[in-house]
Amino acid sequence: MEKTKELQKIESQFETFQILNEDGEVVNKKAMPKLSDEQLKELMKRMVYTRIWDQRAISLNRQGRLGFYAPVAGQEASMIGTQFALEKQDWILPGYRDIPQIVFHGVPLEQAFLWSRGHLAGGQMPEGVNVMMPQIIIGAQITQTAGVAMGLKRKNKDAVAITYTGDGGASQGDFYEGMNFAGAYNVPAIFVVQNNRFAISVPVEKQSAAKTIAQKAVAAGIHGVQVDGMDILAVLAMTEEARKRALEGNGPTLIETLTYRYGPHTMAGDDPTRYRTSDLDDEWEKKDPLVRFRKFLEGKNLWSEEEENEVVEQAKEDIKEAIKKADAAPKQKVTDLIDLMFEDQPHNLVEQMEDYKAKESK
Amino acid sequence: MAQMTMIQAITDALRVELKNNEDVLVFGEDVGQNGGVFRATEGLQKEFGEERVFDTPLAESGIGGLAVGLGVTGFRPVMEIQFFGFVFEVFDAIAAQMARMRYRSGGVYSSPVTIRSPFGGGVKTPELHADSLEGLMAQTPGVKVVIPSTPYDAKGLLISAIRDNDPVVYLEHMKLYRSFRGEVPEGEYTIPLGKADIKREGKDISIITYGAMVHSSLKAAEELAKEGIEAEVIDLMTISPLDMETIIASVEKTNRAIVVQEAQKQAGIAANVVAEINDRAILSLEAPVLRVTSPDTVYPFASAEDVWLPSYKDIVEKAKQVIEF
Ligand SMILES: Cc1ncc(C[n+]2csc(CCOP(=O)(O)OP(=O)(O)O)c2C)c(N)n1
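Residues numbered from 1 in each chain as written. Chains lettered and ligands numbered in written order. Predicted model: local features only at pLDDT ≥ 70, side-chain atom pairs only at ≥ 80, totals over all residues. Heavy atoms only, no water.

Looking at an unreviewed UniProt entry, one finds chain A named Pyruvate dehydrogenase E1 component subunit alpha, with Evansella vedderi as its source organism. Comment text from UniProt for chain A, heading Subunit (unreviewed entry), reads "Heterodimer of an alpha and a beta chain." Of chain A, the UniProt comment under Cofactor (unreviewed entry) reads exactly: "thiamine diphosphate". (UniProt positions renumbered as here; feature names shortened; annotations may be inferred.)

Here we come to the overall build of chain B. Looking only at helices and strands, chain B has 12 helices and 14 strands in total. Here the C-alpha radius of gyration of chain B, 19 Å, is about what a compact globule of 325 residues would show, namely 20 Å. Overall, the C-alpha framework of chain B stretches about 60 × 40 × 40 Å when taken along its three principal axes. Split into buried and exposed, the 325 residues of chain B put 62% on the buried side. The long-range fraction of contacts in chain B, counting pairs at least 24 apart against all pairs at least 6 apart in sequence, stands at 82%. Surface summary for chain B: the accessible area is close to 12300 Å², and the carbon and sulfur share equals 50%. Taking the average place of the 31 positive charges on the side chains of chain B and the average place of its 47 negative ones, the gap between the two points comes to 2 Å. (Helix = DSSP H or I, 4+ residues; strand = E, 2+ residues; numbered from the N terminus. Rg over C-alpha atoms; globule rule 2.2 N^0.38 Å. Buried < 20%, exposed > 50% of the residue type's maximum accessible area, 1.4 Å probe, protein only. Contact = heavy atoms within 4.5 Å. Areas by Shrake-Rupley, 256 points an atom, 1.4 Å probe, with all protein chains shown as cover. Lys, Arg positive; Asp, Glu negative; His and termini not counted. Charge placed at Lys NZ, Arg CZ, Asp CG, Glu CD.)

Residue and element names in this part refer to chain A. Scanning the model with the defined rule gives 39 salt bridges over all chains in all. Where Arg-294 meets Glu-308, a salt bridge forms, and the shortest distance between an N and an O atom there is 2.6 Å. Pair noted here: Arg-294 is in helix α11 (residues 289-299) and Glu-308 is in helix α12 (residues 305-327), with a separation of 14 residues, a long-range link. Given the relative accessible area of 15%, Glu-308 is considered buried. (Salt bridge = Lys/Arg side-chain N within 4 Å of Asp/Glu carboxyl O.)

Of all residues adjacent to the ligand, which total 20 residues, the nearest are Tyr-96, Arg-97, Gly-168 and Gly-169 of chain A together with Glu-60 of chain B. Among the chains of the assembly, those with residues near the ligand are chains A and B. Note that a nitrogen atom of the ligand is positioned 3.2 Å from one of the backbone N or O atoms of Ile-138 of chain A. Between the ligand and the protein, one listed contact pairs a nitrogen atom with a side-chain N or O atom of Gln-82 of chain B at 3.5 Å. Contact with the protein chains hides 96% of the accessible area of the ligand, taken as 580 Å² for the molecule alone. (Near = heavy atom within 4 Å. Polar contact = N/O pair within 3.5 Å; in protein donor to acceptor, adjacent residues only side chain to side chain.)

Here we come to the domain arrangement of chain A. All names here are of chain A. Once the domains are mapped, chain A shows domain 1 (5-331) and domain 2 (332-362). Of note, the centres of domain 1 and domain 2, computed from C-alpha atoms alone, are 38 Å apart. Facing the four residues of domain 1 at the interface are four residues of domain 2. Contact between domain 1 and domain 2 buries roughly 360 Å² in total, counting both sides, with carbon and sulfur atoms accounting for 54%. Per-residue buried area on domain 1 facing domain 2 is highest for His-119, Leu-120 and Lys-331; these three make up 93% of the total on that side. Between the two partners, domain 1 and domain 2, sit two residue pairs in polar contact (both at pLDDT 80 or more). (Domains from an automatic or database assignment. Buried area = accessible area lost by both parts, 1.4 Å probe.)

Attention shifts here to the UniProt feature "domain: Dehydrogenase E1 component" (unreviewed entry) in chain A. Under the UniProt annotation, "domain: Dehydrogenase E1 component" (unreviewed entry) lies at residues 44-334 of chain A. Within residues 44-334 of chain A, the helical portion is 46% and the strand portion 11%, while the C-alpha atoms at the span's ends are 43 Å from each other.

Take the UniProt feature "coiled-coil region" (unreviewed entry) in chain A next. If you check UniProt for "coiled-coil region" (unreviewed entry), the listed places come out as residues 302-332 of chain A in our numbering. Overall, residues 302-332 of chain A shows 74% helix and 0% strand. The separation of its end C-alpha atoms is 47 Å.

Residue and element names in this part refer to chain B. Between helix α9 (residues 244-254) and helix α10 (residues 269-281), the least distance of the axes is 10 Å, while the angle of their chain directions is 65°. Comparing their axes, α10 and α9 come out roughly perpendicular. Handedness of the crossing formed by α9 with α10: right-handed. From α9, Met-244, Ile-247, Ile-248 and Val-251 reach across to α10, where they touch Val-273, Glu-276, Ile-277, Arg-280 and Ala-281. Considered class by class, the residues forming the contact of α9 with α10 number seven nonpolar, no polar and two charged. (Axes fitted to C-alpha atoms, helices over the stretch in contact; angles between N-to-C directions. Parallel < 35°, antiparallel > 145°, perpendicular 65-115°, else oblique. Left-handed = near helix turned anticlockwise from the far one by under 90°. Nonpolar A, V, L, I, M, F, W, Y, C, P; charged D, E, K, R; others polar.)

On to the interface of chain A and chain B. At the interface, 36 residues of chain A touch 37 residues of chain B. For the pairing of chain A and chain B, the buried interface totals around 2900 Å² over both sides, and the portion due to carbon and sulfur atoms is 54%. For chain A, the biggest contributors to the area lost against chain B are Ile-136, Ile-137 and Arg-274 of chain A; these three give 21% of the whole. Our count for the contact surface shared by chain A and chain B stands at three salt bridges. A salt bridge links Arg-274 of chain A to Glu-42 of chain B, with the shortest nitrogen-to-oxygen separation between them at 2.9 Å. Taken together, chain A and chain B are joined by 13 residue pairs in polar contact (both at pLDDT 80 or more). Looking at the side of chain A that touches chain B, the elements that each hand over two or more residues are α13 (334-339) and α14 (347-360) of chain A. In terms of residue count, the dominant contributor to the side of chain A that touches chain B is α14 of chain A (five residues). Its residues assigned to classes, the side of chain A that touches chain B comprises 17 nonpolar, 13 polar and six charged.

All names here are of chain B. Extensive coverage of strand β7 (residues 168-173) is indicated by the burial of six of its six residues. Judged by which residues are buried, β7 turns out to be covered on both faces: Val-168, Tyr-170 and Glu-172 on one side and Val-169, Leu-171 and His-173 on the other are all buried. As judged from the six bridges shared by strand β5 (residues 114-119) and β7, these two strands associate in the parallel manner. Note on β7: the bridge partner recorded for Pro-118 is Glu-172. (Pairing = 2+ DSSP bridges.)

Quick look at the structure:
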């Protein structure tokens with residue numbers, strides 16, 4: 001299709017925002033977020049931690065000890081960077097892959113594992129942890145974000161709602177509806193699209209004629225930006241800016257992060273070699289968020305092998321502990337489920353409760 | 001005759017119809033190069049090209065709307081909903097649009113659409129994937145609802161569904177995809193929609209069921225036979241419209257019946273079957289018609305589904321209750 005000049009002009013405005021290039025050099029000093037050395041190191045720690053966790057989760061899944069798992073390697077900067085910009089009072093409405101963000105926002109690791117295993121304790125968010133259950137129905141979280149953001153604004157909470165989806169999710173009607181509502185009501189929402197180039201097997205080029213996903217913000221009348229999603233500083237800077245904009249009453253933001261998932265879509269039989277070339281994998285692994293940020297920190301004498309090893313050991317230890325705790329969770333019963341259907345159970349469920357109690361006590 | 005799994009039989013039916021009629025189009029999320037997440041469309045894009053078998057953007061309502069539009073311009077869309085738990089996203093396109101197309105246009109337009117989708121439980125999918133939502137579909141006038149239980153039936157019914165000039169929801173139980181093989185003839189053959197199949201003959205009690213529960217019911221029938229009870233197992237195959245002729249003939253013979261469904265009890269197919277039997281054959285009954293179902297809760301998380309789903313033991317128990325009434 002030959003696009004008109006007018007359209008090309010709009011699309012060309014969405015250039016990729018970057019602070020650290022692939023070699024870990026600062027290419028956009030002005031935009032550097034103000035972070036202490038400790039905070040810089042914390043970003044690295046979280047990315048290393050998440051990478052190890054991902055590897056362990058994959059092997060636990062293969063041993064049949066985890067259940068549902070959607071790998072995250074490659075997307076650490078997009079995930080950790082956006083969450084790091086948040087405050088405790090902010091709300092996260094995650095998708096199924098966005099488990100690192102919610103864990104760093106306060107969801108215990110063992111709870112994340114229970115969610116993976118399909119245990120109802122996986123959804124029981126602790127008091128004060130403003131996180132919704134990871135969404136399975138792609139797009140549902142996006143319209144809900146407009147509602148959460150409206151609620152936060154009306155209750156004067158000084159908090160934002162942030163939601164996540166992928167390049168595929170950006171094709172759902174709900175994606176546009178969520179942004180449009182948030183814009184129409186001017187509520188403090190941030191919409192993150194982690195564009196990892198594939199929705200299961202479908203390449204992003206087949207999702208839309210739009211050159212970028214960021215430009216979809218224009219139709220909703222909100223700010224949109226495309227960020228190098230392998231550059232944690234760029235992701236963090238843009239999320240901080242979006243948060244500030246939202247809280248100052250200047251509208252929601254759409255952030256598209258350009259990233260890649262190294263692993264399969266989920267551990268349930270997806271085979272990426274059916275739809276991706278190893279050349280493309282290699283091309284993206286060169287942009288790796290950990291490699292890049294490690295170089296940057298080493299240049300500032302802020303990171304060493306010992307420190308990295310410490311994080312690796314800590315991650316392994318935490319995961320072991322968390323799995324142990326998850327294993328100790330009570331077995332799921334039908335009576336638990338019946339009990340949670342309504343506040344007060346109607347007569348059909350009262351009857352069925354009796355039947356299942358009898359069955360379960362056998 | 002070839003031995004095939006149900007998923008292979010489904011692919012085979014799609015291939016037959018893609019070959020047979022160039023207006024047949026197959027589309028949905030990941031159905032192209034990837035061959036579908038269950039591989040139901042494996043190899044079809046390669047064989048028939050991207051114009052005939054193609055990936056859609058990720059949007060179920062978009063997929064449904066596309067099917068409606070292609071339907072009124074002379075195509076025969078076969079759309080896939082990746083998991084039937086996502087049907088709510090496309091409910092308007094199916095229940096409000098396709099189902100009413102013939103009526104709203106005074107017969108000028110129709111929706112010759114086949115909606116294929118994996119459904120049912122017991123395979124430990126993430127939440128909101130597995131469910132038994134066929135009752136919602138059966139309560140939608142204007143769509144037919146088909147659920148095969150064997151590879152042979154799967155192929156013949158899918159070809160009929162594609163050839164039907166009205167919308168057909170064709171549900172594929174995930175547990176049956178690869179659990180066994182059966183004989184499937186090569187080339188084309190059809191099994192009429194709206195007809196049930198007697199999967200086991202018996203004189204003492206009719207077990208009326210569909211989908212994965214056909215196999216649990218057959219197993220239950222074997223158990224019952226050990227105690228001298230001969231159960232007749234009826235596989236509905238089409239749950240809307242129901243084949244009342246087969247059901248009533250069986251009940252008039254056995255005078256006793258239970259209805260078995262994997263879905264929750266409330267407002268389901270089983271309730272409908274019981275009501276129809278009451279209307280038509282109450283004087284043949286020696287006992288009330290009872291149901292084996294799941295409880296009236298939402299579909300459970302993976303770690304609870306095994307205890308939630310009805311088992312063959314539940315069927316045996318309920319059958320005896322009716323026999324001993
Ligand atoms: C409404 C809905 N449709 C389809 C699916 C099945 N599905 C799960 S993930 C996925 C692809 C999502 O791709 P994308 O949005 O790019 O996110 P990613 O998985 O790459 O993070 C699909 C089609 C679903 N979960 N929900």
